[in-house]
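# Structural characterization, general
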Amino acid sequence: MLQQIGVLTPEELTTLKKALAEISQLWTKGEFKVTRSQEDCHTAIEQYITDKYGEVGKKIHTGRSRNDQSMTMIRLYTLDQVREVQQLAQSLASVAEARAERGLDKLPMPGYTHMQRAMPTTVGTWLRSFASGWRDSGKMLDGALAVLDQNPLGSAAGFGINHLVLDRSHTTKSMGFSRTQENPMYCGLSRGMFENTALQAMSLPMVLSSRFATDMMMFTQQESSFLRLPDNFVTGSSIMPQKKNYDLFEIMRANGKVYGSLQVQIQETIVGLGSGYHRDLQCTKKAFVEACGLVTSTLKLLLEAIPVLEAREENLRHAMTEDLFVTDEVYKLVATGKPFREAYGQAKEYFFKRKAEQEAQGSQAKQAKLS
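A short tour of the structure in this document, coming up. (Residues numbered from 1 in each chain as written. Predicted model: local features only at pLDDT ≥ 70, side-chain atom pairs only at ≥ 80, totals over all residues. Heavy atoms only, no water.)

The secondary structure content of the chain amounts to twelve helices and six strands. Its C-alpha atoms give the chain a radius of gyration of 30 Å, more than 25% over the compact-globule value 21 Å for 371 residues. Dimensions of the chain along its principal axes, counting C-alpha atoms only, are 105 × 55 × 40 Å. For the chain, the residues scored as buried account for 40% of the 371 residues in total. A total accessible area of about 20800 Å² is found for the chain, and carbon and sulfur atoms account for 54% of it. For the chain, the distance from the average position of its 44 positive side-chain charges to the average position of its 41 negative side-chain charges is 2 Å. (Helix = DSSP H or I, 4+ residues; strand = E, 2+ residues; numbered from the N terminus. Rg over C-alpha atoms; globule rule 2.2 N^0.38 Å. Buried < 20%, exposed > 50% of the residue type's maximum accessible area, 1.4 Å probe, protein only. Areas by Shrake-Rupley, 256 points an atom, 1.4 Å probe, with all protein chains shown as cover. Lys, Arg positive; Asp, Glu negative; His and termini not counted. Charge placed at Lys NZ, Arg CZ, Asp CG, Glu CD.)

Structure follows, in structure tokens:
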């Protein structure tokens, strides 16, 4: 772009491309260093080119600020992360749907509310509920991408550049942005805010995964033993030889909370900041990168686990006890014309009467056995 607007000659552009390729190679080898006096990579790059190639190095920062350069790097990283999460979430939804189709759609399972047995469902319906959530998260991520996909380069320190007309549309196209973020002060204002927006959008698949993890811990414990994974997904104990621990889901559940805390950390950092650049914004980078890593690693792990999820049919069918079907009895009565509340009371009375009778019979049988 600088060559296009007359700041660089064609020969200087060729030199700069060569110099930047050298720096990239040196960085890959771990040989390009940023010293304390240079403060950051932008200054280090400019000094390297100036020292080695002369005056052309002094032109590379024309029309730019470290502010909009850093913001552009973060923006490109953000777009990559959101798109990856979107792709992973859609893949995960497809994987869960495919696993449900393989014998789980008609396999009965107790449904739970308040962590108590509630009504009958199927393993397929349970698994597809998460698939639907992961699928819907793509729509939320689409909305985030529509906001985030703006090029801030050229806003400089947040006020644009006077006396030099930058071709911002050129850099927008070159870097693959869908549009230019026109207002230079809004560019600065969006820093931190856009990262927070990205994490809010990516929170849906992360929250769903954390809740899936909690279900898996409940349904793999010995007291229910409805589901299981192959042994390569479990850990043992240093003292109890029999243990098979589903640590991956404990960590996943915790990471859902850690992710939320990182998003809040960014939000709280930017709350109350005025317009323009503030050094506080530097503190959002670490939290943002860590949060992105958590969500991508979580979804990738589930992509490995769900295809090999095993349902223990005997345990599931044994768990389909009478109490799960009481609501069905209510609606059988409603279907005959009885008012709902009457039907509710009648079914409730019958169920608890029958349960008391069964408990009494069991107690009598126990007493008889003891005597």
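Take helix 9 (residues 284–305) next. An α-helix turns once per 3.6 residues; consequently, residues spaced three or four apart project the same way. With 22 residues, helix 9 should cover 32 Å at 1.5 Å per step; its first-to-last C-alpha distance of 32 Å lies within 8% of that length. Among the residues of helix 9, those classed as buried are T284, A287, F288, A291, C292, L294, V295, T296, T298, L299, L302 and A305. Contacts made by the buried residues of helix 9 are with helix 3 (66–101), helix 4 (123–148), helix 7 (193–220) and helix 8 (247–270). (Expected span 1.5 Å × (residues − 1). Contact = heavy atoms within 4.5 Å.)

Here we come to the pattern of salt bridges. Under the definition given, this model contains 19 salt bridges. As a salt-bridge pair, E22 and K52 come within 3.0 Å of each other at their nearest N and O atoms. Of this pair, E22 sits in helix 1 (residues 10–29) while K52 is found in helix 2 (residues 41–53), placing the two residues 30 residues apart along the sequence. A salt bridge links K139 to D136, with the shortest nitrogen-to-oxygen separation between them at 3.2 Å. On the criterion of helical spacing, the pair formed by K139 and D136 is a turn pair, its members being three residues apart in helix 4. The exposed category is assigned to K139, whose relative accessible area is 60%. Each member of the salt-bridge network shares a partner with another, and the members are E39, D40 and R66. (Salt bridge = Lys/Arg side-chain N within 4 Å of Asp/Glu carboxyl O.)

As a further point, take the pairing of strand 2 (residues 116–122). Sheet topology note: the strand 1 (residues 108–113)/strand 2 ladder contains five bridges and is antiparallel. Across the sheet, Y112 pairs through a bridge with R117, a residue of strand 2. Here strand 1 folds back onto strand 2 in antiparallel fashion, the turn holding two residues, of which H114 has a positive phi close to 55°. (Pairing = 2+ DSSP bridges.)

Right, let's get into the nonpolar core. Counting 60 residues, the largest nonpolar core has W126, W134, M202, F212 and F249 as the members making the most contacts within it. Elements with a contribution of two residues or more to this core: helix 3, helix 4, helix 7, helix 8 and helix 9. The biggest single contributor to this core is helix 7, with 13 residues. Contacts of W126, omitting those with residues within four sequence positions, involve M109, F212, D215, M216, F219, L227 and L309. (Core = buried A, V, L, I, M, F, W, Y, C linked by side-chain atoms within 4.5 Å.)

A few words on the packing of aromatic side chains. Both the distance between ring centres and the angle between the ring planes are used here to describe each pair of aromatic rings. One pass over the full model with this rule turns up 16 aromatic pairs. Pairing Y186 with F194 gives two aromatic rings, centres 6.0 Å apart and planes at 75°, and the pair type is edge-to-face. For Y186, a relative accessible area of 30% corresponds to the partly exposed category. Residue classification places F194 among the buried residues on the basis of a relative accessible area of 2%. Pairwise contacts between aromatic rings join Y112, W126, F130, W134, F212, F219, F226, Y246 and F249 into one cluster. (Phe/Tyr/Trp six-rings, centres within 6.5 Å; stacked < 30°, edge-to-face > 60°.)

The next subject is the packing of helix 1 against helix 2. Remark: helix 1 packs on helix 2, axes separated minimally by 10 Å, with the N-to-C direction vectors making an angle of 120°. In terms of orientation, helix 1 lies oblique with respect to helix 2. Taken as a pair, helix 1 and helix 2 cross one another with a handedness that is right-handed. For the pair helix 1 and helix 2, contact is made by T15, L16, K18, A19, L20, E22, I23 and L26 and by I45, Y48, I49, K52 and Y53, respectively. Its residues placed into classes, the contact of helix 1 with helix 2 shows nine nonpolar, one polar and three charged. (Axes fitted to C-alpha atoms, helices over the stretch in contact; angles between N-to-C directions. Parallel < 35°, antiparallel > 145°, perpendicular 65-115°, else oblique. Left-handed = near helix turned anticlockwise from the far one by under 90°. Nonpolar A, V, L, I, M, F, W, Y, C, P; charged D, E, K, R; others polar.)

So, about unusual backbone geometry. A positive phi is found at M115, a non-glycine position, where the angle reads about 65°. Assignment of secondary structure puts M115 in the loop between strand 1 and strand 2. Of note in the backbone geometry, A156 takes a positive phi value of approximately 55° without being a glycine. Relative to the helices and strands, A156 is located in the loop between strand 3 (150–151) and helix 5 (168–174).

Here we come to a nonpolar patch on the surface. Taken together, the side chains of Y331, F340 and Y344 make up a nonpolar region of the molecular surface, amounting to roughly 300 Å² of accessible area. If you trace the backbone, F340 turns up in helix 12 (residues 340–370). Here F340 falls in the partly exposed class, since its relative accessible area comes to 32%. (Patch = residues over 30% accessible without salt bridge, like charges linked within 9 Å, V, L, I, M, F, W, Y side chains within 5 Å.)

The subject of this paragraph is the state of the cysteines. This structure, assessed with the given rule, holds zero disulfides. We note that C41 lacks a disulfide partner, and the nearest cysteine sulfur, in C283, lies 18 Å from it. Accessibility expressed as a relative area gives 31% for C41, which makes it partly exposed. Cysteine C283 remains unbridged, with the sulfur of C292 as its closest cysteine sulfur at 17 Å. In this structure C283 comes out as exposed when scored by relative accessible area, which is 52%. (Disulfide = S-S within 2.5 Å.)

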